[in-house]
Amino acid sequence: MCLAIPGKVMEINGPTAIVDFNGVQRDVVIGLCPNIEIGSYVVVHAGYAIEMVNEEEALKSISLWQEMIESEENFDQTNFF
Amino acid sequence: MKQIDEHGLEMPGDQIIQNPEFGKKILKKIHTISADLIHPVKLMHVCGTHEHTLAEYGLRSPNIIPKNVEIISGPGCPVCVCPAEDIDRAIELTKNQDIILTTFGDMIRVPSTHSSLSREKAKGADIRIVYGPADAIKIAQDNPNKEIVFFAIGFETTAPLLALELANNPPSNFTVLSAHKLIPPAMELMISLPDFKLDGFICPGHVATIIGMKPFIQFSEKHNFPNVIAGFEPNDMLLGIYILLTQIKNRETYAINEYTRVVRPQGNQVAQEFMKEVYGCTDSKWRGIGLIPNSGLELKEKYQQYDALKRFEIPLLNSQDIPKGCSCHLVLVGKKKPEQCPLFAKKCTPINPVGPCMVGNEGSCRISYMYRSRQ
């Protein structure tokens, strides 16, 4: 139920957008994410965009996770506040 | 997000988060830290999609997760926790020839007291599966002479979708049977259960996408309890487990966000506003678990005209949540594993489900049945 699928915004038409799920395109309601832009990634649940993917934050935090896992040190929670 | 994988869509950070070599490194860390734990730990997730990832990738196998780390499934399957009473009400509504009942696909096969929506549909009731509330609105617009009832189930991820529609003047022939539920109150109940000690929660990433980190931070602070908000790739879950184990070892009790590529600290504030506009909190019955205070959503006074229970008369029903022999009430709170139920894979199978957990893609019994060779 709480499954949500990421897709790329291709076109915005008022209250909906055409989102591409790698070839499969579908109309998605964007009322919960009014600031989406063409080309951005959104997470879609039951036909509604529920959030934009945070590209900058994603890359930053994933490289932090990677650093943490690859270091000899143990996880330091304070890096994540 | 394993769906990216299946769709071949490349997202930021995927090369790391989907890399099996990275997964092996996390596992190595998990094994190192688990050797230092002074007692076996029990982690609970409350999300059907997390259960799916755990089972599909065999993460509970003794070759993967250390033996002293147990991951159990909590009440995170919305169709499973929907009480029989609500399904019985939906069935009653379909007896009215003017009504078209719409709901999510997972819901229609869930057994209620004497029947299920799919059985009623086979007998001729007008019950239609929708992908989301927008489809139900469309059916209402296309059928102005009919009454369209949307049987609304789901957690915080799903509730704002309907709130958005209700706040935007839906057609007057559209009403809602509201059965939405909230996750943090269920977590509160889980840690208060006697004879049941949990050490950490793996919190649902898409619930947090909407409500943000605050409710989970408050939970951690109130109960001195470690939480991690995790995504749905195997590596997301392994990272989540590692983060919890580290906290447990260090006796720390934070709420940490692993799923930062989607979950913002403040959540989706637009969605939160729509929820506040449309719903109020109410005590709510969870199937096989009972009444959980402030765990349900009901329509506010301003939106009462869309409440199916107000528009249509439904007789009092004598509903029964758990059929004889079924262990769903214990499976739902992690007290029993699906395969410990005497009916599992015998009388109760996905083709002929006895209890609610054998039905949908998020039900623990159904998932255990599908992936039983990988445990």
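Each remark here, short or long, concerns the structure printed above.
Along every chain, residues carry numbers that run from 1 in the direction the sequence is written. Just so you know, chain letters begin at A and ligand numbers begin at 1, following the order they were written in. Local features in this predicted model are restricted to residues whose pLDDT is 70 or higher, and side-chain atom pairs enter the listing and the counts only when it is 80 or higher, whereas totals over whole chains, interfaces and linings include all residues. Just so you know, side-chain values use all the structure's heavy atoms and leave hydrogens and water out.

Peer 1: Looking at this structure, I do not really get the overall build of chain A. What am I missing?
Peer 2: In this text, helices come from DSSP runs of H or I with a minimum length of four residues, and strands from runs of E with a minimum of two, each type numbered from the N-terminal end. Along the backbone of chain A there are one helix and five strands. For chain A, the α and β elements follow one another from N to C terminus as β-β-β-β-β-α. In chain A, which comprises 81 residues, the proportion classed as buried is 51%. Intrachain contacts of chain A at a sequence separation of at least 6 include 29% that bridge at least 24 residues. Of the roughly 3900 Å² that chain A leaves accessible, carbon and sulfur atoms contribute 49%. Residue burial is assigned from relative accessible area. The probe radius is 1.4 Å, only protein chains are included, and a residue is buried under 20% of its type maximum, exposed over 50%, and partly exposed in between. Only heavy atoms enter the contact rule, under which two residues are in contact if any of them lie within 4.5 Å. Residue burial considers only the protein chains on display, and all accessible areas are found by Shrake-Rupley using a 1.4 Å probe.

Peer 1: What am I meant to see in the side chain of Glu258(B) here?
Peer 2: Following the sequence through the fold, Glu258(B) ends up in the loop between strand S9 (255-257) and helix H14 (269-278). For the buried Glu258(B), which has no salt bridge, the nearest side chain bearing the opposite charge is Arg261(B), at an N-O separation of 4.4 Å. If near-sequence neighbours (up to four positions away) are discounted, Glu258(B) is found in contact with Trp65(A), Ile17(B), Val228(B), Ile229(B), Ala230(B), Gly231(B), Asp236(B), Leu239(B), Gly240(B) and Ile243(B). His is not counted, nor are the chain ends; Lys and Arg add positive charge and Asp and Glu add negative charge. A pairing counts as a salt bridge when a side-chain nitrogen of Lys or Arg comes within 4 Å of a carboxyl oxygen of Asp or Glu.

Peer 1: Even after reading the chapter, I still don't get the sheet that holds S9(B), so can you show me in this structure?
Peer 2: In any sheet, the strands associate via hydrogen bonds between backbone groups, in a parallel or an antiparallel arrangement. All names here are of chain B. Pairing between strands is defined by DSSP: at least two bridges between the two strands are required. Here five strands make up an open sheet; going across it, the order is S2-S1-S7-S8-S9 and the pairing parallel. The open sheet is flanked by strand S2 (69-73) and S9, the only strands paired with a single partner. When strand polarity is set aside, the average angle formed by the axes of neighbouring strands in this sheet is 25°. When strand S8 (residues 227-230) meets S9, the two strands line up parallel, connected through three bridges. Paired with Val228 across the strands is Ile256, a residue of S9. Interaxial angles span 0 to 180 degrees and are taken between N-to-C directions of axes, which are lines fitted to C-alpha atoms, for helices over the stretch in contact. Across the face of the sheet, helix H10 (residues 183-192) comes into contact with strand S1 (41-45), strand S7 (200-204) and S8 while running at roughly 165° to S7.

Peer 1: Even after reading the chapter, I still don't get the interface of chain B and chain A, so can you show me in this structure?
Peer 2: Accessible area lost when the parts come together is the quantity often used to give the size of an interface. Taken together, the contacts link 59 residues of chain B with 45 residues of chain A. When two parts are brought into contact, each loses some accessible area as probed by a 1.4 Å sphere; the total of that loss over both is the buried area. Taken together, both faces of the contact between chain B and chain A bury some 4700 Å²; the carbon and sulfur share is 69%. Inspection of the region where chain B meets chain A yields two salt bridges. Lys25(B) is the partner of Glu70(A) in a salt bridge, and the nearest nitrogen-oxygen pair spans 2.7 Å. In protein, a polar contact requires one atom able to donate a hydrogen and another able to accept it; more generally it is a pair of N or O atoms within 3.5 Å, and residues adjacent in sequence count only if both atoms are side-chain atoms. At the boundary of chain B and chain A, one finds twelve residue pairs in polar contact (both at pLDDT 80 or more). Considering only residue class, the side of chain B that touches chain A consists of 30 nonpolar, 18 polar and eleven charged. Polar here means any residue outside two lists: the nonpolar Ala, Val, Leu, Ile, Met, Phe, Trp, Tyr, Cys and Pro, and the charged Asp, Glu, Lys and Arg; Gly therefore counts as polar.

Peer 1: Before we go on, may I ask you to explain the side chain of Ser34(B) in this structure?
Peer 2: Residue and element names in this part refer to chain B. Along the chain, Ser34 turns up in helix H3 (residues 20-34). You can call Ser34 buried: its relative accessible area is 5%. Contacts of Ser34, omitting those with residues within four sequence positions, involve Pro66, Asn68 and Val69.

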